[in-house]
Amino acid sequence: MGRSIVRGGLNSLVKDAWEAFECADPSSRVHPAMPILFFGDFEAYDDSPARVVTVGLNPSLHEFPEDSPFRRFPGCAGISAAERVRYLRGLCSYFHVRPYCSWFKYYEAALGGAEASYYPGKKTSTALHTDIGSPVATNPTWSGLGVAKRRSLQVRGGPLWHRLLEVLKPQIVLLSIARPHLSRIDYPALSDWRTVDEFKYKNGKPRKPPYPVVDVRWYEIIGKRSLFVFSTANRKPLLQLTAEEKRRVGELALRTYGEGL
């Protein structure tokens, strides 16, 4: 596993992730903990027919439970920034052990529609999760941090996320975050945002506007086209949508990517 990770270019990003962690305000940074550059099995993702990445803001404090902080990242207790292969191995093991399912299940429903999954062996493609704001878990959560602390985390977290996607080379990027965060995507745009679906009904009954939507836009990441798929955010990804509607988001993403620009 170590050689594959190094070849994939992730090794060079580990130092930056740890710097972001060590520079974060200790009063709001979860401790004991470590930065989370990404969640999921990189090797399985890299071998997948469709490379699908999901996006949040920063890791949850629940990734490091008080009773056993590193149980979701086996082998990482007491880890340091210098132990890069050990660190990346822990990240790759995340969905093989005890992931924070009550959060990831919302994206997982949409991934199923795109024939992808975070979990090993479930679908033809393995997805990864990333965070556009910061790789640092905080307490309070992102919305409770205050503007100054969020900006401080974003100084390192935003550029790191962009460099990470350059290594991951995703074909489809699913985002269910607050719409203003879309302005922070700093890749060359190949199209405008356009709405490909909106959910005016729920369980056969009319919803009140504004309706949940699915918007898409093409970006260029180091010479390759990537389809970014946005759907309305709430406290959790795609929270306003039913399980069937979440799946439809994934189906739309896969079909739109196949149709091309």
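Scroll up for the structure.
Notes on the structure in this doc start here. (Residues numbered from 1 in each chain as written. Predicted model: local features only at pLDDT ≥ 70, side-chain atom pairs only at ≥ 80, totals over all residues. Heavy atoms only, no water.)

What follows concerns the packing of aromatic side chains. Per the counting criterion, the structure on display carries 20 aromatic pairs. When the ring of Tyr 94 is compared with that of Phe 95, the centres are 4.7 Å apart and the planes differ by 90 degrees; the resulting orientation is edge-to-face. Side by side, Tyr 94 and Phe 95 carry an identical accessibility label, which is buried. Ring centres 5.7 Å apart and planes at 65 degrees place the aromatic pair Tyr 94 and Phe 104 in the edge-to-face group. You can see Tyr 94 sitting in the loop between helix 4 (84-92) and helix 5 (101-113) and its partner Phe 104 sitting in helix 5, a full 10 residues away along the chain. Like Tyr 94, the residue Phe 104 is buried in the burial classification. Of the aromatic side chains, those joined through ring pairs into one cluster are Phe 39, Phe 64, Phe 70, Phe 73, Tyr 94, Phe 95, Trp 103, Phe 104, Tyr 107, Tyr 118 and Tyr 119. Its guanidinium or amino end placed over the ring of Phe 21, Arg 29 lies 4.5 Å from that ring's centre, counting from NZ or CZ. The lysine or arginine in question, Arg 225, covers the ring of Trp 218, its NZ or CZ lying 5.5 Å from the ring centre. (Phe/Tyr/Trp six-rings, centres within 6.5 Å; stacked < 30°, edge-to-face > 60°. Buried < 20%, exposed > 50% of the residue type's maximum accessible area, 1.4 Å probe, protein only. Helix = DSSP H or I, 4+ residues; strand = E, 2+ residues; numbered from the N terminus. Lys NZ or Arg CZ within 6 Å of the ring centre and 35° of its normal.)

As a further point, take the environment of Ser 27. When you line up the elements, Ser 27 lands in the loop between helix 2 (11-23) and helix 3 (42-46). Judged by relative accessible area, which is 55%, Ser 27 ranks as exposed. Between the C-alpha atoms of Ser 27 and Thr 138, which are 111 residues apart in sequence, the distance is 9.0 Å. Leave out the neighbours within four places in its chain, and Ser 27 touches Asn 139 and Lys 149. At 3.2 Å, the side chain of Ser 27 forms a polar contact with the side chain of Lys 149. (Contact = heavy atoms within 4.5 Å. Polar contact = N/O pair within 3.5 Å; in protein donor to acceptor, adjacent residues only side chain to side chain.)

Time to look at unusual backbone geometry. With an omega of -5 degrees, the peptide bond running from His 31 to Pro 32 counts as cis. For Pro 32, the position within the fold is in the loop between helix 2 and helix 3. With omega at 0 degrees, the peptide bond leading from Pro 209 into Pro 210 counts as cis. On the secondary structure map, Pro 210 appears in the loop between strand 8 (205-206) and strand 9 (213-221).

The next thing to look at is the packing of helix 2 against helix 6 (residues 147-168). The contact between helix 2 and helix 6 brings their axes to 10 Å, and the two run at 160 degrees. Between helix 2 and helix 6, the angle falls in the class roughly antiparallel. In the packing of helix 2 onto helix 6, the handedness of the crossing is left-handed. Counting all contacts with helix 2, which are made through Leu 13, Asp 16, Ala 17, Glu 19, Ala 20 and Cys 23, the residues of helix 6 involved are Arg 156, Leu 160, Arg 163, Leu 164 and Val 167. (Axes fitted to C-alpha atoms, helices over the stretch in contact; angles between N-to-C directions. Parallel < 35°, antiparallel > 145°, perpendicular 65-115°, else oblique. Left-handed = near helix turned anticlockwise from the far one by under 90°.)

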